[in-house]
Every structure is written in structure tokens, then in C-alpha cells.
Amino acid sequence: MASESSPLLAYRLLGEEGTALPLNGAGAPGGASAQKLSTFLGVVVPTVLSMFSIVVFLRIGFVVGHAGLLQALAMLLVAYFILALTVLSVCAIATNGAVQGGGAYFMISRTLGPEVGGSIGLMFYLANVCGCAVSLLGLVESVLDVFGTDATGPSGLRVLPQGYGWNLLYGSLLLGLVGGVCTLGAGLYARASFLTFLLVSGSLASVLISFVAVGPRDIPLTPRPGPNGSSLPPRFGHFTGFNSSTLKDNLGAGYAEDYTTGAMMNFASVFAVLFNGCTGIMAGANMSGELKDPSRAIPLGTIVAVAYTFFVYVLLFFLSSFTCDRTLLQEDYGFFRAISLWPPLVLIGIYATALSASMSSLIGASRILHALARDDLFGVILAPAKVVSRGGNPWAAVLYSWGLVQLVLLAGKLNTLAAVVTVFYLVAYAAVDLSCLSLEWASAPNFRPTFSLFSWHTCLLGVASCLLMMFLISPGAAGGSLLLMGLLAALLTARGGPSSWGYVSQALLFHQVRKYLLRLDVRKDHVKFWRPQLLLLVGNPRGALPLLRLANQLKKGGLYVLGHVTLGDLDSLPSDPVQPQYGAWLSLVDRAQVKAFVDLTLSPSVRQGAQHLLRISGLGGMKPNTLVLGFYDDAPPQDHFLTDPAFSEPADSTREGSSPALSTLFPPPRAPGSPRALSPQDYVATVADALKMNKNVVLARASGALPPERLSRGSGGTSQLHHVDVWPLNLLRPRGGPGYVDVCGLFLLQMATILGMVPAWHSARLRIFLCLGPREAPGAAEGRLRALLSQLRIRAEVQEVVWGEGAGAGEPEAEEEGDFVNSGRGDAEAEALARSANALVRAQQGRGTGGGPGGPEDGDTEGPTTALTFLYLPRPPADPARYPRYLALLETLTRDLGPTLLVHGVTPVTCTDL
């Protein structure tokens, strides 16, 4: 197609020499030279180092000593099972398309939308910032445990001064080193990470060799203070070498007090510590913008890293249980140094893992921040983070993150913040699982990842597991993180975001709506659950804005369709003129704040277009049952866009996805006296067509006279009381009598009652006028009507008025429906009856409730005025030649009545059964 706008057109499948070009991130248009890291350096190395962190050297003894080998292995299996579920989701999303910078944030935001993606992305960024600070402070504490002047260990060198200021200085110096490496780019970071990876691997290798090469020995433990501050005798832990008795003693759990904090340990607390050290699975995904082929590197590298770290943890658990007694494991978490062939190598490994974890957190945070800034979700606050170097390195985002880490370092000890960091990570992992679950449930044809080892079961289990783990680690932090996510999502929703990313919510809604529409069987409809489903035909919304909002109130949770007919013949046009108009009408719906669909059609005449819309609007069981039209009169059209607050202010067209001002999308109102697109003959014919198609009809006159507060979405309406008057009988029928009991009269009562349920109309009182014949006794008909209202649960005032005297009184009932419209009587007589009915209605408007049935009495006081009048709409005459006379009678009947709805119902809508 010549007008194809798919981004795939930016690709060229063959080069100039006929060579095929790749369609992955490397071959995409605009690919930056910064995307140069391999799978090993860009994913495997940072993920392994992040998952090891300092736990692999300093918490193996803690876990095995308290939980025992069996429970420790169970904890490890559960932890890695949860992580593996998330890894499967990451692999699925990463292999479904080109992944750009931002890692997990990019995946979540492009799936769940900017609101959820932006909120979780910011939380994930803060988690990485705080994680960097935690790693640096852990590194400082590890250094001071050996070299600090206050070191309590048996082998401390005691050369570095300690204190809050000194600790902050050491942390700041280390942060300067880490920040300098990250500022210089991903290449230097990758080389530094590879160096630390070699150091950590060498250190771990020396530890594994030491388990086999070192003989049994007694290891002095950190002395504990005795009662009254006295010192206890020296205590020793035992490295027994490979011993079956040692293994047997270490199989079961032996929870005791933590010698570093004095807190009593249990399964949950030990598991939380172990899990905290394994949450670095996104370190490689965060580097997505620096990878040669992220769609391949992220899944492959992450799986390799997870498998490698799991194998190392299991091996260390077994070796520790075979060779170290429970006392050593519980009383010296750093026993690797004591059993090592060369203890300094263990220290190097500890320092290298902490340094690499801080580097990984800082560069990951900077990439997430750069992606957030580039998407412009938080405005000018993050604008500086957009700056990049000539090679594509977001150095400004690194400096931004560097400064935030420095602020966090001022807090000093971050033991409590460590749990919050882990919870934030888990929120991001749960969101990734939810993203993959949503894509799978939506059954979108374009979701076809090359990685297939996942299902919606694994995604759902991953979401549940991450949420459970959040509350197990820290219920307070979990609740607070979810609350923060909700607040950020609400902020982003209010601010608005890009609309071109594609929201999985729309795909899910389509999937579910289609399913439920198929189940919405029209053959099972029952009058108990009837609701109005309106089709409002609008010529120019500038003059129909009040009616548009009034119809929105009348729908009562039903279908509401805005219909518009564009005049033309497709055969004589080069393209369909209707399709480009949808955007303007959808913007109108948004600005007017109504819950309506839009349906446009092209037709040679408005009448034919109305027939099209009545037949084809809606789908399945959701099709319009009521046609709403503005009244056809000579009143000059008003431009409500100029006075309505929602339209008088220009739209913000600076943000992506926003529409231009609606004043430029719809033409000015028709000038008085100019020709109309619809003739009086066709207007009445449209009403007749709707009734023939078994549709109810509502004609609205003077709806622009309604006060704005009556059309608002507020909850209280106005303090001043108004009446809603209902005349449930045909005032153009001369006989009067109990005509309120027909289907049309009950339809009027139902529509008026529905309007009273709207918050803006709660203060309005419903009045029903019952017309008596000239020889009818007062009270009898009113009693029957009150009984009917009681059965219908409608609260209203009933007032009797005498009608039927004068014109036509006592004469035989007219043919057809018995009204002057459809009778063959003279125009003068029909006009006189319409004027008389109009005078009767106006006489009751503004009257209080104290008058008698015949008219005002002496001493009556003026009551609340009538806000809206519901009148019985007679059927149009069978002879089209009498259509103009019919319309003239309706004009006379409703003249100067204020806002009026002429209603004709053809379907039963009320029920007295439960």
C-alpha cells in the first residue's frame, strides 16, 4: 500500500549489493555505535556479579549454620524457582522484538503502558540507586572489619580511623571510583566488570580448593562480652575437613541468635537474607541499550548466569556442611578467610564483588534514568538526564545517579533500607511477569517470541511468588512500595503520556469484550434489566454540546453512540472522507467527558445515513434502542464551544498524542437563514423510520437553556430545588382520560426516573400530571396512578389537571391513534388544540404543590421552577404530505416551555416483578 506507515518500511531487506540486512537491534535504523557489548561481557558478567554480591563470601555460613543443609537447599531452590519464573518472562519479552535502552523499564512500559511502566521504572531506578549505596557501605564495613581501628576480629590490622565522617569519606571515595568508571562509558565498565569477575572467580576457586587442601583446624571466634561487661574465655570453631558426622550434624536446622545483631533467627529471616543476595537477575537486561543483539543476549546471558550462580551456591552449601561444625558456621560468617590457603585472596574477592555490585547498580540506574528522561514521562525534572556523549554514553544520567547515591550515603547505616531495595526489585520482577502474562492472555497475533519455554501458568506463578516474597521479607516495605507505585501511576495518568507505545490493556479489553459480547444473547433479554441504549444524531457538535451531555445522563450505564452523517457519494470521491474525522470526534468525547462511542457514515442524505446508523451501530446485544434528535426549529444555532469551560481553553498540542484545538476541527455553526442539510420533510421521515424499525424516539428542544450545573458530572446538583415535569399522555388527543397507562406513557416515566438517578439531578422533584376528562371525578385516576407508581418504585408527586374541555371535547375519537395529528381535521382546530395544550403545560410550570387540579387558587405561592419537561410525542402521520403540519404542531406544543424532551416509546421498559 502506498500509504503504509508501518515502521517495517524503515528496513531494507536487501542491501545495494544484494546482501541481507538483519532485522534485530543491530540492523535497526538509527542503531548507535554504543551497542557493542557481547553476551558474555554485557549480560553474563554483570548478572553473575550482581547475584553473588557480598553474600557468596559472607552469608554462606549464616544460611547453612542456622537453617541446616536441607532447609538451606530448600531455600535456594525456592529462591531460584521464583527468579527462574521471572527469567522466563524476561526471555519471552526480550525475544518478541527489538529491546532498546532501559531494560526492565522498557519492557514493562511498552507492554503495560507509560503509567505503570513509568511508576515501576522510577521505583526500579531508586532500587538501583539505593542498592549501589548499600553495596558501597557494605564494602566500607568489610574493609573496616579488617583495617579499622575499632576492628574486633582476631586478625584485624587496625590502621584506618573510624567514625561517621570517616565512613562517609571512604564511601564517597569508592563512589568516585565507581562513578568515574561508569561515566567513561559502557566499554570501560565492561572491562572493569570483567576484571572483577576474574578476581571473584579466582577467589571462589581458592575457597573451593581450600575446602579440599586444608586440614582440620580450630578457628578462634570473635569474643562475646560476658555478664557485667566481663570477658568470656576464648571460643573456637572447628574446621573438620570432610567428615560424615559433621554433615549429619549440619543436616537439620539449628536457629539461634545472630551474633552480629543479637536477633533470634527463623526460617523467614534467613530466607530473606539469602534471597536479598540473589536479586540481580536484571543487571544484564539493564544494559540492553549497550548490547550488540539484546534480543539474543538478554535471555541467553541471563539463563547462563542464573545456572552458574545456582551451581556455585549449591557447591558451597555442600562443602560447608561437610567440613565446618555448627559453631563455626553460626559464629563466624567470614570463615572463608580462616580456612583459605591465602586469606588475602578472599578479601580481594569480597571487595571485588561489592565493588562490581555497586558498579552494576549505578550503570543500570543511569540507563533506566536515561530511558525515563527520553520518554519525557516526568517532564523537566529528568530533562538533564537526556544528555549523551558523542558515542552515545548517557553521562549526564550517570552524574545524576551519582549525586543521588551520594545523598543516600549520608544516611550511614542502611540495614533497614536493604529490605526496601529488595522489595522494589521484586515489584519490578512482578511487573515483568505481569507484562508477559498480559501479552499471553491477550492472544495478540504479534506476540510470538522465539523463546517458547514459558506459559501463562509460569507468568501467573511468578507474579504471585514475587508478591508473596515481598510481604515475607518486609510487610511494611511491601505495602509502602505498592502505595508508592499507585501514587506514581496516578500522577502519570493525570499528566498524560505517549499513546504510540501500544497498550496491552487494550488488547486484553478487546479479548474479553469480544468474549462477553458473544455471550450477550439478545434472546435472553428481560424487561427487568432494560436500559436505554442511545444513538444521538449530531450535525455540528458546536451547537449540540448541552444535548450531548444530557443524553449522557439519560443513558444510565447503557450504550451511548454519537452518530454523524457526512453527505457524499463514495463513487465520486477519491477516498473515504469519514475516516479522518474519527480523531476529532474522539477528542470531542474526551473533552466533553461523556462515555460515548462514535459512529460516522457517508450517505447521499441525512435520512439514509440515519437508517444506516440505526441498523449497523453497536454490536451483538449492544445496539441502540432509542434515537435522540435535536428539535427542528428556527432558533439560531449557538456556538457552545465559546462558552463551555472544557472547550474555551485551547488544547495542549505540545505533548505527544494530543490533538489540536477542537475549534479547528469542526466548522462554525450554521448562519441564520442559510440552507440546512436536512429538510423538515426528511426530519419527520427520520422519526417515522425509527419507529418503523421499533426504536424509541426522543426529540430534545431548548436543551441549551439547562444550567451548566445540571449537565455537570458533580455529585450534588444545585441547592435550589427544581421540578422535572412528566406528562405521560398525548396532549394532542382531545378526549383526555387515563391514557397514561400505555407503553409510551410508561416509557416517559422510566426516562424521567432514570434522569433523577443522576447525581446532578438528585435535588430535582419529579412531578407527574394526570389529566382528567370533563366528566371524570377527581381522585379516582390519581389513586390508580399512585398504586402503579408504588409498584414501580417511583417516587413522584401526582397532580391532577382538567383537560378535554373546549376544542374537540365530547367528539368521537379520531381515527388511527385518536389525536389531531393523525385525524383528518382542519389545521386551525389542530393548531388551537396545540396552543391550548401549550398553555396548560406553561400554567403548571413554576407552580408549587398547593394548587388544586383545575388551576391556581388564591393564596398560592410560587414554588420551584420546572427544569425539564417530558412530553408525549405522537406518532408521525401515515401520510408524508402531512409531515410539515405535524412538525408545526410540535413546535406550537413546545413553544416557550424551556428545556423539553418529546418522547415516544415503543418497547416495554418497566416491570413490577422481582
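What comes next is a walk through the structure. (Residues numbered from 1 in each chain as written. Predicted model: local features only at pLDDT ≥ 70, side-chain atom pairs only at ≥ 80, totals over all residues. Heavy atoms only, no water.)

Right, let's talk about the nonpolar core for a bit. In summary, soluble globular proteins display a tendency toward joint burial of nonpolar side chains. In terms of nonpolar packing, the biggest core is built from 156 residues, with Phe-211 and Phe-317 touching the most fellow members. The element that contributes the greatest number of residues to this core is helix 3 (residues 60-94), accounting for 20 residues. Beyond its immediate chain neighbours, meaning those up to four positions away, Phe-317 contacts Ile-60, Val-63, Val-64, Leu-69, Ala-72, Leu-73, Leu-76 and Leu-274. (Core = buried A, V, L, I, M, F, W, Y, C linked by side-chain atoms within 4.5 Å. Buried < 20%, exposed > 50% of the residue type's maximum accessible area, 1.4 Å probe, protein only. Helix = DSSP H or I, 4+ residues; strand = E, 2+ residues; numbered from the N terminus. Contact = heavy atoms within 4.5 Å.)

It is worth spelling out the side chain of Thr-686 at this point. Within the secondary structure, Thr-686 is located in helix 23 (residues 680-692). If near-sequence neighbours (up to four positions away) are discounted, Thr-686 is found in contact with Arg-607, Ala-610, Leu-627 and Leu-629.

Every buried residue belonging to helix 9 (residues 267-276) is among Val-270, Phe-271, Ala-272, Leu-274 and Phe-275, and all of these are buried. The opening residue of helix 9 is Asn-266, an N-cap whose side-chain oxygen sits 3.2 Å from the backbone nitrogen of Ala-268. (Polar contact = N/O pair within 3.5 Å; in protein donor to acceptor, adjacent residues only side chain to side chain.)

This next bit is on the packing of aromatic side chains. Under the defined criterion, the tally for this structure stands at 25 aromatic pairs. Taken together, a centroid distance of 6.2 Å and an interplanar angle of 35 degrees make the contact between Trp-166 and Tyr-170 tilted. Here the residue Trp-166 and the residue Tyr-170 both occupy positions in helix 6 (residues 164-183), the gap between them amounting to 4 residues, near one helical turn. Classification of Trp-166 as partly exposed rests on a relative accessible area of 41%. Residue classification places Tyr-170 among the buried positions, given a relative accessible area of 14%. Three or more aromatic residues joined by ring pairs make a cluster, and in this case those are Phe-52, Tyr-80, Tyr-308, Phe-310, Tyr-313 and Phe-317. Over the aromatic face of Phe-647 sits the side chain of Arg-591, whose NZ or CZ is 5.7 Å from the ring centroid. Here Arg-710 stacks its cationic end above the ring of Trp-761, 5.2 Å away from the centre of that ring. (Phe/Tyr/Trp six-rings, centres within 6.5 Å; stacked < 30°, edge-to-face > 60°. Lys NZ or Arg CZ within 6 Å of the ring centre and 35° of its normal.)

A cluster of nonpolar residues, Leu-195, Leu-199, Ile-209, Leu-341, Trp-342 and Ile-348, forms a patch on the protein surface that exposes about 580 Å² of accessible area. If you tally residues by element for the nonpolar patch, the top one is helix 7 (residues 186-213), at 3 residues. Assignment of secondary structure puts Ile-348 in helix 13 (residues 343-375). Its relative accessible area of 32% is what places Ile-348 among the partly exposed residues. (Patch = residues over 30% accessible without salt bridge, like charges linked within 9 Å, V, L, I, M, F, W, Y side chains within 5 Å. Areas by Shrake-Rupley, 256 points an atom, 1.4 Å probe, with all protein chains shown as cover. Salt bridge = Lys/Arg side-chain N within 4 Å of Asp/Glu carboxyl O.)

This part is about unusual backbone geometry. Its identity as a non-glycine residue notwithstanding, Lys-556 has a phi of 50 degrees, on the positive side. Relative to the helices and strands, Lys-556 resides in the loop between helix 19 (541-554) and strand 4 (560-567). Classification of Lys-556 as partly exposed rests on a relative accessible area of 40%. You will see that Asp-896, though not glycine, has its phi angle at about 60 degrees, which is positive. With respect to the element layout, Asp-896 can be found in the loop between helix 27 (883-894) and strand 12 (900-904). The class of Asp-896 is exposed, set by a relative accessible area of 63%.

Moving on, we get to the pairing of strand 12. With 5 of 5 residues buried, strand 12 lies mostly within the body of the structure. Neither face of strand 12 is left uncovered, since the one carrying Thr-900, Leu-902 and His-904 and the one carrying Leu-901 and Val-903 both have all their residues buried. Where strand 7 (residues 696-701) and strand 12 come together, 5 bridges link them in antiparallel fashion. Looking at the pairing, Arg-701 lines up with Thr-900 of strand 12. As paired strands, strand 11 (residues 866-872) and strand 12 are joined by 4 bridges and run parallel to one another. Counterpart to Leu-871 in the pairing with strand 12 is Leu-902. Between the parallel elements strand 11 and strand 12, the chain passes through helix 27 in a crossover that is right-handed. (Pairing = 2+ DSSP bridges. Right-handed = clockwise from strand over helix to strand, strands pointing away.)

With their axes 8 Å apart at the nearest point, helix 5 (residues 114-147) and helix 17 (residues 475-495) run at an angle of 130 degrees to one another. On the basis of the axis angle, helix 5 is oblique to helix 17. Like other packed secondary-structure pairs, helix 5 and helix 17 cross with a definite hand, here right-handed. In this structure, helix 5 uses Pro-114, Glu-115, Gly-118, Ser-119, Ile-120, Leu-122 and Met-123 to contact helix 17, whose residues at the interface are Ser-481, Leu-484, Met-485, Leu-488, Ala-489, Leu-492 and Thr-493. The class makeup of the residues in the contact of helix 5 with helix 17 is 9 nonpolar, 4 polar and 1 charged. (Axes fitted to C-alpha atoms, helices over the stretch in contact; angles between N-to-C directions. Parallel < 35°, antiparallel > 145°, perpendicular 65-115°, else oblique. Left-handed = near helix turned anticlockwise from the far one by under 90°. Nonpolar A, V, L, I, M, F, W, Y, C, P; charged D, E, K, R; others polar.)

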